[in-house]
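# An overview of the molecular structure
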Amino acid sequence: MTDAYIFAEELFKIYKTEDLEVVALRGLDLRVAPGEMMAIVGASGSGKSTFLNILAGLDTPSAGRISVGDRDLLRMSDDDLVDYRRREVGFIWQQTGRNLIPYLSAQQNIEAPMILEGVKRKTAKNRARELLEAVGLGDKHKRKPNELSGGEQQRVAIGVALANQPPLLLADEPTGELDSATADEVFEVLRKINRNTGVTVVIVTHDREITSRVDRVVAMRDGRASTELIRNSSVIGKDFSVDELAVVDRSGRLQIPREYLQDIGIDRRARIEIDGQSVKITGE
Ligand code: ADP
Ligand code: MG
């Protein structure tokens with residue numbers, strides 16, 4: 001995909017502490033098309049937040065290639081990075097409290113980033129109203145965060161993230177503190193906005209139900225992309241199906257979705273016999 005909007009290749013992130021090095025990303029390859037809505041899933045510690053923070057311009061990779069639009073995130077000056085964070089990305093955190101200013105109303109929260117960017121008050125007000133409508137909270141614009149439910153707060157947070165019309169929206173476990181029905185409402189709002197505005201959306205989540213809301217799910221394991229679930233676009237609506245694909249990782253190992261292996265009773269290690277086109281896998 002040469003027209004990728006997000007392009008990551010052989011991406012490494014090594015955290016060095018006094019006596020130890022943690023390799024959080026080890027050769028991550030990922031491409032995201034403009035306007036795509038995709039999810040990254042994976043066990044805790046697999047490098048999801050590290051990758052999202054790099055995409056957000058909050059952290060810098062140690063090696064590899066990463067670009068967003070025409071910006072090379074490895075070669076940006078500090079000024080460029082500040083500009084990138086302001087214009088290119090909107091970010092939604094898991095902790096609802098981190099996204100909103102507690103003493104401002106929903107509307108004022110969404111206006112705030114625009115006013116900081118020098119947008120006229122009247123324009124900011126109108127756009128905040130539009131965004132509140134888009135996230136389904138038009139009638140609650142006066143409420144303060146503590147007068148809104150967790151799901152409503154996250155929907156306001158989506159409005160805040162989109163206030164300055166960034167082309168990229170990132171969310172790190174935005175529904176981690178919500179029950180599944182409320183989580184689905186948040187995903188639905190993100191989906192609608194993605195469809196209506198063409199904003200590219202990358203969501204890190206534990207929520208398996210996300211598969212019905214996104215174009216693609218990439219699973220990360222040990223700092224790399226391991227398997228991909230691709231929505232079958234020929235099936236629309238609730239009866240979607242997903243194809244989970246086995247992929248060959250950078251070190252030449254075949255990664256097979258765990259569920260498939262569990263179905264045939266394989267826990268960890270397996271033997272593979274290749275006979276012409278057929279492959280037989282047996283537990284060891
Ligand atoms: P995830 O979001 O998938 O749970 P993270 O990206 O937060 O994973 O972490 C990946 C690995 O990097 C983990 O082993 C974690 O402990 C380590 N790590 C993350 N941030 C830091 C940091 N600032 N300093 C040292 N190690 C870190
Ligand atoms: Mg994380």
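Above this text sits the structure in question.
Summarised in this report is the structure supplied together with it. Computed from a predicted structure; not experimentally measured.

## Let's talk about the overall build of the protein chain
- Looking only at helices and strands, the protein chain features eight helices and 15 strands.
- Sorting the 284 residues of the protein chain into buried and exposed places 45% on the buried side.
- Within the protein chain, contacts between residues separated by at least 24 positions form 62% of all contacts whose residues are at least 6 apart in sequence.
- Summed over all atoms, the accessible surface of the protein chain reaches about 15400 Å², with 46% contributed by carbon and sulfur.

## Side note on the site of ligand 1
- Near ligand 1, the surroundings consist of Tyr15, Val22, Ala24, Ala43, Ser44, Gly45, Ser46, Gly47, Lys48, Ser49 and Thr50.
- Backbone polar atom of Gly45 to an oxygen atom of ligand 1: 2.7 Å apart, as the coordinates give it.
- With respect to ligand 1, the backbone of Gly47 contributes an N or O atom lying 3.1 Å from an oxygen atom.
- Its free accessible area being 560 Å², ligand 1 has 61% of it covered by the protein chains.
- Elements that contribute at least two residues to the shell around ligand 1 include exactly strand S2 (20–32) and helix H1 (48–55).
- A total of three residues in the shell around ligand 1 trace back to one element, the largest contributor, which is H1.
- Partitioning the shell around ligand 1 into residue classes produces four nonpolar, six polar and one charged.

## So, the pattern of salt bridges
- The final tally for this structure, using the stated rule, is 14 salt bridges.
- For Glu88, the salt bridge identified is with Arg71, shortest N-O distance 3.5 Å. Remark: Arg71 occurs in strand S5 (residues 71–72) and Glu88 occurs in the loop between helix H2 (78–87) and strand S6 (89–92); sequence separation between them is 17 residues.
- The residue Glu188 makes a salt bridge to Arg213 at a minimum N-O spacing of 3.8 Å. Placement of the pair is Glu188 in helix H7 (residues 180–197) and Arg213 in the loop between strand S8 (200–204) and strand S9 (216–221), with a sequence separation of 25 residues.

## Let's talk about the pairing of S2
- Two elements, strand S1 (residues 6–17) and S2, share 10 bridges in a ladder whose sense is antiparallel. Its bridge partner lying in S2, Phe12 is registered against Arg26.
- Here S1 hands over to S2 after two residues, the two strands then running antiparallel side by side.

## Points about the side chain of Lys13
- Among the structural elements, Lys13 can be located in strand S1.
- According to the relative accessible area criterion, Lys13 is buried, its value standing at 8%.
- Polar side-chain contacts of Lys13 include one of 3.1 Å to the side chain of Asp59.
- Apart from residues lying up to four places away in sequence, Lys13 is in contact with Val22, Val23, Ala24, Leu25, Thr50, Ile54, Asp59, Thr60, Pro61 and Ser62.

## A short note on unusual backbone geometry
- A positive phi angle is found at Glu10, which is not glycine, with a value near 50°.
- Within the secondary structure, Glu10 sits in strand S1.
- Take Glu10: its relative accessible area is 32%, and that puts it in the partly exposed class.
- Unlike most non-glycine residues, Asp222 shows phi in positive territory, near 50°.

## Some points on the packing of helix H6 (residues 150–162) against H7
- At a closest axis distance of 9 Å, the pairing of H6 and H7 adopts a crossing angle of 20°. Taken together, the axes of H6 and H7 lie roughly parallel to each other. Between H6 and H7 lies a crossing whose hand is right-handed. Here Gly151, Gln154, Arg155, Ile158 and Leu162 of H6 come into contact with H7, specifically with Thr182, Glu185, Val186, Val189, Leu190 and Ile193.
- Within the contact of H6 with H7, the residues separate by chemical class into six nonpolar, three polar and two charged.

What counts and what doesn't
Residues numbered from 1 in each chain as written. Chains lettered and ligands numbered in written order. Predicted model: local features only at pLDDT ≥ 70, side-chain atom pairs only at ≥ 80, totals over all residues. Heavy atoms only, no water. Helix = DSSP H or I, 4+ residues; strand = E, 2+ residues; numbered from the N terminus. Buried < 20%, exposed > 50% of the residue type's maximum accessible area, 1.4 Å probe, protein only. Contact = heavy atoms within 4.5 Å. Areas by Shrake-Rupley, 256 points an atom, 1.4 Å probe, with all protein chains shown as cover. Near = heavy atom within 4 Å. Polar contact = N/O pair within 3.5 Å; in protein donor to acceptor, adjacent residues only side chain to side chain. Nonpolar A, V, L, I, M, F, W, Y, C, P; charged D, E, K, R; others polar. Salt bridge = Lys/Arg side-chain N within 4 Å of Asp/Glu carboxyl O. Pairing = 2+ DSSP bridges. Axes fitted to C-alpha atoms, helices over the stretch in contact; angles between N-to-C directions. Parallel < 35°, antiparallel > 145°, perpendicular 65-115°, else oblique. Left-handed = near helix turned anticlockwise from the far one by under 90°.

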